[in-house]
Amino acid sequence: EADSRWAEPRDSHKEKKKSKAVALSKAEEQRKLERVKKLLKTSLGTDALRKPGAWMWAPQSATREHVRRAATVCAVYTLFAEPFFVAFDVRPVGAGALAVSTIADVILAFDMILCFVTGYSWLAADGVFKVEMRTFRVIFKYLRTNFLRDFIGALPLQLALSIIDPAGRMPEPGPLFIRLLELAKCVVVFRVLQHVHDY
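Predicted, not measured: the structure shown is a model, and the values here were computed from it.

1. Digging into the pattern of salt bridges
Any two side chains of opposite charge can pair if their charged atoms end up close together.
Reasoning step 1: All chains considered together, the criterion is met by 11 salt bridges.
Reasoning step 2: In this structure, E65 engages R68 in a salt bridge whose closest nitrogen and oxygen atoms are separated by 2.7 Å. Separated by three residues within a single helix, E65 and R68 lie in helix α2 (residues 62-87), roughly one turn from each other.
Reasoning step 3: In this structure E65 comes out as buried when scored by relative accessible area, which is 9%.
Reasoning step 4: Taking the relative accessible area as the measure of exposure, R68 reaches 19% and is therefore buried.
Reasoning step 5: Close ionic contact of E182 with R179 constitutes a salt bridge, the shortest N to O distance being 2.3 Å.

2. Comments concerning the packing of aromatic side chains
Reasoning step 1: A full pass over the atoms with the stated rule returns six aromatic pairs.
Reasoning step 2: On the numbers, 4.9 Å between centres and 90 degrees between planes, the contact of F116 with Y142 is edge-to-face. Of this pair, F116 sits in the loop between α3 (95-115) and β1 (120-123) while Y142 is found in helix α4 (residues 135-144), placing the two residues 26 residues apart along the sequence.
Reasoning step 3: An aromatic cluster is defined as three or more aromatic residues linked by ring pairs; in this entry it consists of F116, Y142, F147 and F151.
Reasoning step 4: The ring of Y120 has K141 lying over it, and the distance from NZ or CZ to the ring centre is 4.8 Å.

3. Some thoughts on the confidence of the model for the protein chain
Reasoning step 1: Per-chain confidence: the protein chain averages 83 in pLDDT, with 81% of residues scoring 70 or above.
Reasoning step 2: Of the regions scoring below 50 in pLDDT, residues 1-7 engages in zero contacts with residues more than four places distant in sequence or in other chains.
Reasoning step 3: Residue range residues 42-46 is modelled with pLDDT below 50. Its contacts to residues more than four positions away, or to other chains, number four contacts.

4. A closer look at unusual backbone geometry
Reasoning step 1: Even without glycine at this site, D89 takes up a positive phi of about 50 degrees.
Reasoning step 2: With respect to the element layout, D89 can be found in the loop between α2 and α3.
Reasoning step 3: D89 gets classed as partly exposed once you look at its relative accessible area, which sits at 43%.

5. Considering the packing of α3 against helix α6 (residues 157-164)
Any two packed helices are characterised by the angle at which their axes cross and by the distance between the axes.
Reasoning step 1: It is the contact of α3 with α6, at a shortest axis distance of 8 Å, that shows an interaxial angle of 130 degrees. Here α3 lies oblique to α6, going by the angle between them. Where α3 abuts α6, its residues L98, S101, T102 and D105 lie against L157, Q158, L159 and S162.
Reasoning step 2: Its residues assigned to classes, the contact of α3 with α6 comprises three nonpolar, four polar and one charged.

6. Re the pairing of β1
Reasoning step 1: Sheet topology places β1 next to strand β2 (residues 129-132); four bridges connect them, and they run antiparallel. Each bridged residue has a counterpart across the sheet, and for L123 the counterpart in β2 is F129.
Reasoning step 2: Here β1 folds back onto β2 in antiparallel fashion, the turn holding five residues, of which G127 has a positive phi close to 85 degrees.

7. Quick word on the nonpolar core
Reasoning step 1: One finds A71, C74, A75, A104, L108, A154, V188 and V192 forming the largest nonpolar core, which totals eight residues.
Reasoning step 2: When contributions to this core are tallied by element, the ones reaching two or more residues are α2, α3 and α8 (188-198).
Reasoning step 3: Here this core gets three residues from one element, more than from any other, and that element is α2.
Reasoning step 4: Apart from residues no more than four positions distant in its own chain, C74 is found in contact with A104, I107 and L108.

8. Re α2
Because the α-helix completes a turn every 3.6 residues, residues three or four places apart line up on one side.
Reasoning step 1: A rise of 1.5 Å per residue sets the reference length of α2, with its 26 residues, at 38 Å; its end C-alpha atoms lie 38 Å apart and thus fit the reference within 8%.
Reasoning step 2: Buried residues of α2: R64, E65, V67, R68, A71, T72, C74, A75, T78, A81, E82 and F85, and no others.
Reasoning step 3: The inward-facing, buried residues of α2 contact α3, α6, α7 (174-184) and α8.
Reasoning step 4: One or two positions beyond α2, positive phi appears at D89, with a value near 50 degrees.

9. Side note on the side chain of D111
Reasoning step 1: Tracing the chain through its elements places D111 in helix α3.
Reasoning step 2: Take D111: its relative accessible area is 1%, and that puts it in the buried class.
Reasoning step 3: Every residue in contact with D111, bar those within four places of it in the chain, is listed here: R64, V67, R68, A71 and R191.

Rules behind the numbers
Residues numbered from 1 in each chain as written. Predicted model: local features only at pLDDT ≥ 70, side-chain atom pairs only at ≥ 80, totals over all residues. Heavy atoms only, no water. Salt bridge = Lys/Arg side-chain N within 4 Å of Asp/Glu carboxyl O. Helix = DSSP H or I, 4+ residues; strand = E, 2+ residues; numbered from the N terminus. Buried < 20%, exposed > 50% of the residue type's maximum accessible area, 1.4 Å probe, protein only. Phe/Tyr/Trp six-rings, centres within 6.5 Å; stacked < 30°, edge-to-face > 60°. Lys NZ or Arg CZ within 6 Å of the ring centre and 35° of its normal. pLDDT = per-residue confidence, 0-100. Contact = heavy atoms within 4.5 Å. Axes fitted to C-alpha atoms, helices over the stretch in contact; angles between N-to-C directions. Parallel < 35°, antiparallel > 145°, perpendicular 65-115°, else oblique. Nonpolar A, V, L, I, M, F, W, Y, C, P; charged D, E, K, R; others polar. Pairing = 2+ DSSP bridges. Core = buried A, V, L, I, M, F, W, Y, C linked by side-chain atoms within 4.5 Å. Expected span 1.5 Å × (residues − 1).

Structural data, given as structure tokens:
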């Protein structure tokens, strides 16, 4: 009987210690979570990137639309010029073609940079189109969708070739690698198709 009398308090004491340990563990996890959130907020420059910034461009603004159209024209030029240079092994290209290719690459690169600060439209659950202008969301969406396509399309390969191999006498496999990159720039066809689809 003595054992049975003392068994319950001992078990109760153990349960209290266990509950206290669980509570302390949860509190410690919460503190760690708060520290992580604070660190992420600090690394992102407080909450600035999560709010609409004054530097953001509306997707339908007139200036942004002009840049987008100019970039699409440059993409069409790239889509025809690069396969031509590869098919006929044009090395080096003429001064005129080099100038046009470089201008096209600069415009495509400029448009790519603007995509990081241009909002986008999305269809909400209530069936209404809304415009997302928060910097962090815009950057994240662009990086996981069209960034790689635009980056490859804007590579200044003809300019690089004119600097690396001005006489067109680079031994293999150098030219082959460059030609493969030139053909890879044809991914701009998806940009052209997207522009046609949007308009």
